[in-house]
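Breakdown of the fold
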Amino acid sequence: MKQLGILLFCWFSSILVIAKPNTISILGNVKDKVKKSAISNASIYLPDLKMATTTDLNGNFKFENLPKTKILIQISCIGYQNKIEFINDSISTINIELEPSIKEISEIVITGISHSSEKNRTPVSISIISHQTLLQTASSNIIDALAQHPGISQVTTGNGISKPVIRGLGYNRVVVINDGIKQEGQQWGDEHGIEIDEYSVNKVEVLKGPASLSYGSDAMAGVINMISYPMVQKGIIKGNLISNYQTNNGLIGSSANISGNVKNIIFDVRFSSKKAHSYQNKYDGYVLNSAFKESSWSGIVGINKSWGYSHLHFSTYQLIPGIVEGERDSISGKFTYLTKVNDSTLQSKIADKAYLKSFSVLTPYQKVWHHKIVFNNNFYIKGKSVKLILGYQQNQRKEFADALLPNNYGLFFLMNTLNYDLKINAIESKRSNLLLGINGMQQSSTNKGTEFLIPQYNLFDFGIYSIFKKEIGKLDISGGYRFDIRAEKTEALILENVSKFLLTNNKFQGTSGSIGAAYQFSKKYFAKLNFSKGFRAPNIAELASNGIHEGSLRYEIGNKNLVAEHSSQIDFCFGISTPHITAELNLF
């Protein structure tokens, strides 16, 4: 893996040295289609280049030193329909007329397709949860907010812990993308949440079903792509502060960031924190030990140039959630907790209101850290886009279950993951796109605790894929094919002359595929049909777990004879988009 990284680094270094990109500039003007008057302060965004600007008082905007290639541009303004246009390398001026509307109809999607595209012209089933919707949804974490959306639910074991479920499938069957790479945080456990700061997410794209050829094994149910805020326009530095409070669990959350673009050097730094006491419901009242604390530092620094962009993402996330056990007093039925009498004795006590509304967690509880650094690059070479993403993640998860020794952990999983992703737009024309890619990860997990649930292991994942799209008038056809190989090797462990874990070496391989079409009957009506096939290799917990899982209150035993899962799915969608109504009928 190290050798692969060195080779890729040398390759792209040489490309940057020899590449002399042809550049273009775009001058534009935005007007009201009805009144023919200029629209000021309209947002202009180039998603593939991660560049943004706004119109001036006369409705004018300008981009300079852009790569000479096909560019997708989105124009949006409050009170108007979004407008999406493709700019080819021969266009230098563009005049846009926006139609008044209370709905932002046209939206750009980027998840699992060959090129950024309009949502209605993408055959696969993709939903978009906007930033405004996220803000308006009362939730304790980002998955909590998404679970209010049709087709998405959650598995939750406490205030701060939620796992996504798409169309009834969850755990390692849903891939979560953040900062451009797969989020790897031991998502096989019931009480293992998604370690992402919800304040850092601008919008979310949800691809439903196994049509996600870009992400390989584990994306059988679909993909949830957490998309960060667009970069601010050149010459701007700004800050934001957001805070919220929730009455049910006393949640207090806040986040502050500062972002800027100085001579195409971009940056965005954010700090967020949350804390909540036990939540309440109509059956139990306040649920003891469902309190949690969360904090996060994150940031982006990079450069945007005529050859593309190179951005460095970094973050560190900490979560301390209590684990709900539900022990009750046999007479009153009230929640009880264990308190230390001396070094060898515990006493059960009834939880009073002070304990139920305390922001401190009781034993048992967890401490979770997730550190991440990602290099996200997009180079344009002779009009072709070459994207390279290299990422490193470290996930630390400790469980504390002994009330006599509340600071001594039992389980301690330490997992390190290296992600790699290389994509090349081999064909990039006005009506056709062909994307070729390879991606995967190298992962290792070590047991640092005194209790053992899963063995130590090493995993290597490799996938190769292609995705195409063809526009024929009002008809859009897209699809692709993918091949995956995964190798998982576990280490043996003997405790007190008893074999706890066996030495195993498993290899899985499989194919995925997708083919579909979208047809625009008119500006108001559209339809989609897509056929897809998915593949998923078993995870380590399913294959080899053997131990007490404190968080889920059960003894777990894996099955080393499991084979890979395969699935097939058909999706049909009929949609209506008008200035006042947006509706879709989705069948699968």
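You'll find the structure just up there.
Quick summary incoming for the structure in this document. (Residues numbered from 1 in each chain as written. Predicted model: local features only at pLDDT ≥ 70, side-chain atom pairs only at ≥ 80, totals over all residues. Heavy atoms only, no water.)

**Some words on the packing of aromatic side chains**
- Taken as a whole and assessed by the stated rule, the structure comprises 10 aromatic pairs.
- Relative to Phe 63, the ring of Phe 61 has its centre 6.2 Å away and its plane inclined at 70°; by these criteria the two rings are edge-to-face.
- Relative to Phe 400, the ring of Tyr 365 lies with its centre 4.6 Å away and its plane at 5°, an arrangement referred to as stacked. Highlighted residues: Tyr 365 in strand β27 (residues 365-381) and Phe 400 in strand β28 (residues 384-400), separated in sequence by 35 residues.
- The class of Tyr 365 is buried, set by a relative accessible area of 7%.
- Three or more aromatic residues link up through ring pairs in this structure, and these residues are Tyr 365, Phe 400, Tyr 409 and Phe 412. (Phe/Tyr/Trp six-rings, centres within 6.5 Å; stacked < 30°, edge-to-face > 60°. Helix = DSSP H or I, 4+ residues; strand = E, 2+ residues; numbered from the N terminus. Buried < 20%, exposed > 50% of the residue type's maximum accessible area, 1.4 Å probe, protein only.)

**Some details on the nonpolar core**
- Of all hydrophobic cores here, the largest spans 22 residues; its most connected members are Val 30, Leu 46, Phe 61, Leu 66 and Leu 98.
- Mapped onto this core, the elements with two or more residues apiece are β1 (23-32), β2 (43-46), β4 (60-67), β5 (71-76) and β7 (93-98).
- In this structure Val 30 touches Ser 37, Ala 38, Ile 39, Ala 42, Ile 44, Thr 55, Gly 59, Phe 61, Ile 75, Ile 96 and Leu 98, once residues within four positions along its chain are discounted.
- Ranked by size, the runner-up nonpolar core spans 18 residues in total, among them Ile 143, Ile 152, Val 176 and Ala 221. (Core = buried A, V, L, I, M, F, W, Y, C linked by side-chain atoms within 4.5 Å. Contact = heavy atoms within 4.5 Å.)

**Considerations on the pattern of salt bridges**
- Overall, the coordinates contain 24 salt bridges when judged by the stated rule.
- For Asp 571, the salt bridge is made with Arg 167, and the minimal N-O distance between the two is 2.9 Å. Highlighted residues: Asp 571 in strand β39 (residues 565-577) and Arg 167 in the loop between β12 (161-166) and β13 (169-170), separated in sequence by 404 residues.
- Note that Asp 218 is salt-bridged to Arg 486, the shortest N-O span being 3.4 Å. Linking Asp 218 in the loop between β16 (203-208) and β17 (222-227) with Arg 486 in strand β32 (residues 475-490), this pair joins segments that are 268 residues apart in sequence. When sorted by exposure, Asp 218 lands in the same class as Arg 486, which is buried.
- Through salt bridges that share partners, Arg 173, Arg 536, Glu 542 and Glu 565 make up one connected network. (Salt bridge = Lys/Arg side-chain N within 4 Å of Asp/Glu carboxyl O.)

**What about the sheet that holds strand β10 (residues 126-129)?**
- The sheet built from 5 strands is open, its strands ordered β10-β16-β17-β14-β15 with mixed pairing. Pairing within the sheet leaves two strands with one partner each, and these edge strands are β10 and β15 (181-182).
- Sheet topology note: the strand β14 (residues 174-178)/β17 ladder contains 5 bridges and is parallel. Bridged to Val 176 within β17 is Ile 224. (Pairing = 2+ DSSP bridges.)

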